[in-house]
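Residue-level listing of the chains:
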Amino acid sequence: MPLQEFTVSKPLTLGVELELQLVSLSDLDLVDASPDMLELLGRKPFPGQVVPEITESMIEIATSVQPDHAGVLAQLREIRDTLVAAGERLNVGLCGGGTHPFQLWTQRKIFSKPRFKEVSQLYGYLAQQFTVFGQHIHIGCASGNDALFLLHALNRYVPHFIALAASSPFVQRRDTLFDSARLNSVFAFPLSGRAPFTLSWDDFRSNFFAHMERTGIVSSMKDFYWDIRPKPEYGTIELRVCDTPLTVDRAAALAGYLQALCRWLLERSEPLPAEDDYLVYNYNRFQACRFGLDGQIVHPKTYEALALRDDVLRTVAHLTARALPGEEAALSHLLLQLRSDGDAAELRRHHRERGSAEGMVDAAIARFRGEAA
């Protein structure tokens, strides 16, 4: 069926989704606990939304629409406390991190939901390997044209979010040497990567999507696994490149950073996005995944080589100088991170100090609870 018109939403409102690991507190491996967890959580009101994900060893939580960083942070903390209490009743720990460091994809069970079964039939083992964990951030947009403008204007900043959220250095007990190995799993899907370049919602809807639908390859926006995609039913764009951070505080800070960045971009004081901006996109994306904040990227307009950490610092400092009161706390959190280690480095440190992948998971569970690991 034709793609719907773009729903108008309040500009720059926020929503956050987090995919979380369900871990046995006995052996610290992933456990197929989402049916029991969802049944338990469904017995009383939940502060936000909790839904199954493609395999039974993960769940997705989502905030309601929030005006700013403070609202996101308060609700994420309330959700976290509710989840932790439910997990204790089931002997299940919850944690962030973009990958579980030693789970085996062959042991994962597809959640019994028609769409998940369809995806499993189409993509085979990739569906089970998709037991990786990301943060999605929604930004409200006044129109479909604004949504597409932001989607493409953000291409230059995608490496910032990859590096700031990177928390998936280990896969099957091996250090991958990537700060974000999770995105390699996402890139295996044929409809991943970036959205086609258009700044007109009518053109996107009537030409690109209509043609794609006629091919029989897609039937809705859910079939695209793009780094950023429009969500016309919500009136948002959805940034999808972030690993799930180890703490809800960092997840909220990333949402606040995106909100402040979009507020500035909508002033249209910077050069407009262009198709040629994407010449360096995959290279910059790789640098952020591989090296995190220590990566080297290329500016899409000037082709200047930039140290990623310095580029993020300059951008955060620029936004801080013009921040609204609700944005300052989020930007301050990220400034502290930029002067220390991120989540990937923290996980590697726990692996060295504790001597095992299990030690990393135990530390991640403590960090999600809000405890010092």
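In this text, all values refer to a predicted model and were calculated from it rather than measured experimentally.

Enquirer: Account for the layout of surface pockets, with residues named and values stated.
Expert: Roughly 1,000 Å³ of internal volume is contained in the largest pocket. Glu17, Glu60, Arg229, Lys231 and Glu238 are the residues nearest the centre of the largest pocket, which is lined by 43 residues in total. Top element by residues in the lining of the largest pocket is strand E1 (residues 14-24). It accounts for 5 residues. When grouped by side-chain class, the residues that make up the lining of the largest pocket number 17 nonpolar, 12 polar and 14 charged.

Enquirer: Any details on the packing of aromatic side chains? Residues and values, ideally.
Expert: This structure, assessed with the given rule, holds 19 aromatic pairs. Each residue in the set Phe6, Trp201, Phe204, Phe208, Phe209, Phe224 and Trp226 is aromatic and connected to the rest through ring pairs, giving one cluster. Just above the ring of Phe149 sits the side chain of Arg268; from NZ or CZ to the centre is 4.0 Å. Stacked on the ring of Phe187, the Lys or Arg Arg285 has its end atom at 4.2 Å from the ring centre.

Enquirer: Just give me the short version of the side chain of Gln337, but keep the residues and values in it.
Expert: Following the sequence through the fold, Gln337 ends up in helix H12 (residues 325-338). In contact with Gln337, not counting residues within four places along its chain, are Leu164, Arg250, Leu293, Arg309 and Gly342.

Enquirer: I'd love a proper account of the nonpolar core, names of residues and values included.
Expert: Membership of the largest hydrophobic core comes to 120 residues, with the highest contact counts inside it found for Ile61, Leu83 and Phe161. Top element by residues in this core is helix H9 (residues 248-265). It accounts for 13 residues. In this structure Phe161 touches Leu239, Val241, Cys242, Leu254, Tyr257, Leu258 and Leu261, once residues within four positions along its chain are discounted.

Enquirer: Give me the lowdown on the pattern of salt bridges, citing residues and values where you can.
Expert: Tallied over the entire structure, the rule returns 27 salt bridges. Note that Arg205 and Glu5 form a salt bridge whose closest N and O atoms lie 3.3 Å from each other. With Arg205 in helix H8 (residues 201-215) and Glu5 in the segment before E1, the pair connects residues that are 200 residues apart, well separated along the chain. Looking at Glu5, the relative accessible area reads 47%, which means it is partly exposed.

Enquirer: Let's hear about the side chain of Arg348: which residues, and what values?
Expert: Among the secondary structure elements, Arg348 is positioned in helix H13 (residues 343-354). A distance of 2.8 Å separates the side chain of Arg348 from the side chain of Asp175, its partner in a polar contact. Polar contacts involving the side chain of Arg348 include one to the side chain of Asp179, which spans 2.8 Å. Ignoring sequence-local partners within four residues, the contact set of Arg348 consists of Pro169, Phe170, Asp175, Leu177, Phe178 and Asp179.

Enquirer: Could you give me a rundown of H13, with the residues and numbers involved?
Expert: Look at H13: 16 Å from first C-alpha to last across 12 residues, which is about the 16 Å you get at 1.5 Å a residue. Listing the buried residues of H13 in full gives Asp343, Ala344, Glu346, Leu347, Arg348 and His350. Packed against the buried residues of H13 are strand E6 (170-171), strand E7 (174-175), H9 and helix H14 (357-369). One or two steps after H13, the chain reaches Gly355, where phi turns positive at roughly 80 degrees.

Enquirer: Please set out helix H5 (residues 144-153) residue by residue, giving values where relevant.
Expert: When you tally the buried positions in H5, you get 8 out of 10 residues, the bulk of the element. For H5, the full list of buried residues reads Gly144, Ala147, Leu148, Phe149, Leu150, Leu151, His152 and Ala153. On its buried face, H5 is in contact with H8, strand E10 (228-231), strand E11 (236-243) and H9.

Enquirer: Please set out the packing of helix H2 (residues 69-90) against H9 residue by residue, giving values where relevant.
Expert: The N-to-C vectors of H2 and H9 enclose an angle of 155 degrees; their axes lie 9 Å apart at closest approach. Considered as vectors, H2 and H9 are oriented roughly antiparallel to each other. The handedness of the crossing between H2 and H9 comes out as right-handed. On H9, the residues that touch His69, Val72, Leu73, Leu76, Arg77 and Arg80 of H2 are Val248, Asp249, Ala251, Ala252, Ala253, Gly256 and Gln259.

Enquirer: Can you lay out empty space enclosed by the protein for me, pointing to particular residues and giving the numbers?
Expert: Applying the stated rule across the entire model yields 5 cavities of 30 Å³ or more. A volume near 100 Å³ is recorded for the largest cavity. Surrounding the largest cavity, 14 residues form its lining, Gln21, Thr99, Pro101, Leu347 and Ala364 being those nearest its centre. Top contributing element to the lining of the largest cavity by residue count: H14, with 3 residues. For the lining of the largest cavity, the per-class residue count stands at 9 nonpolar, 5 polar and no charged. Estimates place the volume of the second largest cavity at around 60 Å³. Forming the boundary of the second largest cavity are Leu151, Asn155, Val158, Gly193, Arg194, Ala195, Asp227, Ile228, Tyr278 and Tyr281. In terms of residue class, the lining of the second largest cavity is built from 6 nonpolar, 2 polar and 2 charged.

Enquirer: A description of the environment of Glu53 should follow, citing residues and the corresponding values.
Expert: Following the sequence through the fold, Glu53 ends up in the loop between strand E2 (49-52) and strand E3 (58-62). Beyond its immediate sequence surroundings of up to four residues, Glu53 is in contact with Glu19, Met58, Ile59, Glu60, Phe111 and Phe116.

Enquirer: Go over unusual backbone geometry with me, naming the residues and quoting the values.
Expert: You will see that Leu28, though not glycine, has its phi angle at about 65 degrees, which is positive. The exposure class assigned to Leu28 is buried, which follows from its relative accessible area of 12%.

Enquirer: I'd like a description of the pairing of strand E5 (residues 134-140), backed by residues and values.
Expert: Among the 7 residues that make up E5, 7 are buried, leaving the element largely enclosed by the rest of the structure. The alternating pattern of E5 places Gly134, His136, His138 and Gly140 and Gln135, Ile137 and Ile139 on opposite faces, both of which are buried. Examined bridge by bridge, E1 and E5 share 5 bridges and lie antiparallel to one another. Bridging from a neighbouring strand, Glu17 pairs with His136 of E5. Sheet topology note: the E5/E11 ladder contains 6 bridges and is antiparallel. Considered in E11, the bridge of Ile137 is made with Leu239.

Conventions adopted
- Residues numbered from 1 in each chain as written.
- Predicted model: local features only at pLDDT ≥ 70, side-chain atom pairs only at ≥ 80, totals over all residues.
- Heavy atoms only, no water.
- 1 Å grid on protein atoms, 1.4 Å probe; cavity = no way out; pocket = protein on both sides within 12 Å on 5 of 7 lines; lining within 4 Å.
- Points joined across faces, edges and corners; volume = space filled by probe spheres on them.
- Helix = DSSP H or I, 4+ residues; strand = E, 2+ residues; numbered from the N terminus.
- Nonpolar A, V, L, I, M, F, W, Y, C, P; charged D, E, K, R; others polar.
- Phe/Tyr/Trp six-rings, centres within 6.5 Å; stacked < 30°, edge-to-face > 60°.
- Lys NZ or Arg CZ within 6 Å of the ring centre and 35° of its normal.
- Contact = heavy atoms within 4.5 Å.
- Core = buried A, V, L, I, M, F, W, Y, C linked by side-chain atoms within 4.5 Å.
- Buried < 20%, exposed > 50% of the residue type's maximum accessible area, 1.4 Å probe, protein only.
- Salt bridge = Lys/Arg side-chain N within 4 Å of Asp/Glu carboxyl O.
- Polar contact = N/O pair within 3.5 Å; in protein donor to acceptor, adjacent residues only side chain to side chain.
- Expected span 1.5 Å × (residues − 1).
- Axes fitted to C-alpha atoms, helices over the stretch in contact; angles between N-to-C directions.
- Parallel < 35°, antiparallel > 145°, perpendicular 65-115°, else oblique.
- Left-handed = near helix turned anticlockwise from the far one by under 90°.
- Pairing = 2+ DSSP bridges.

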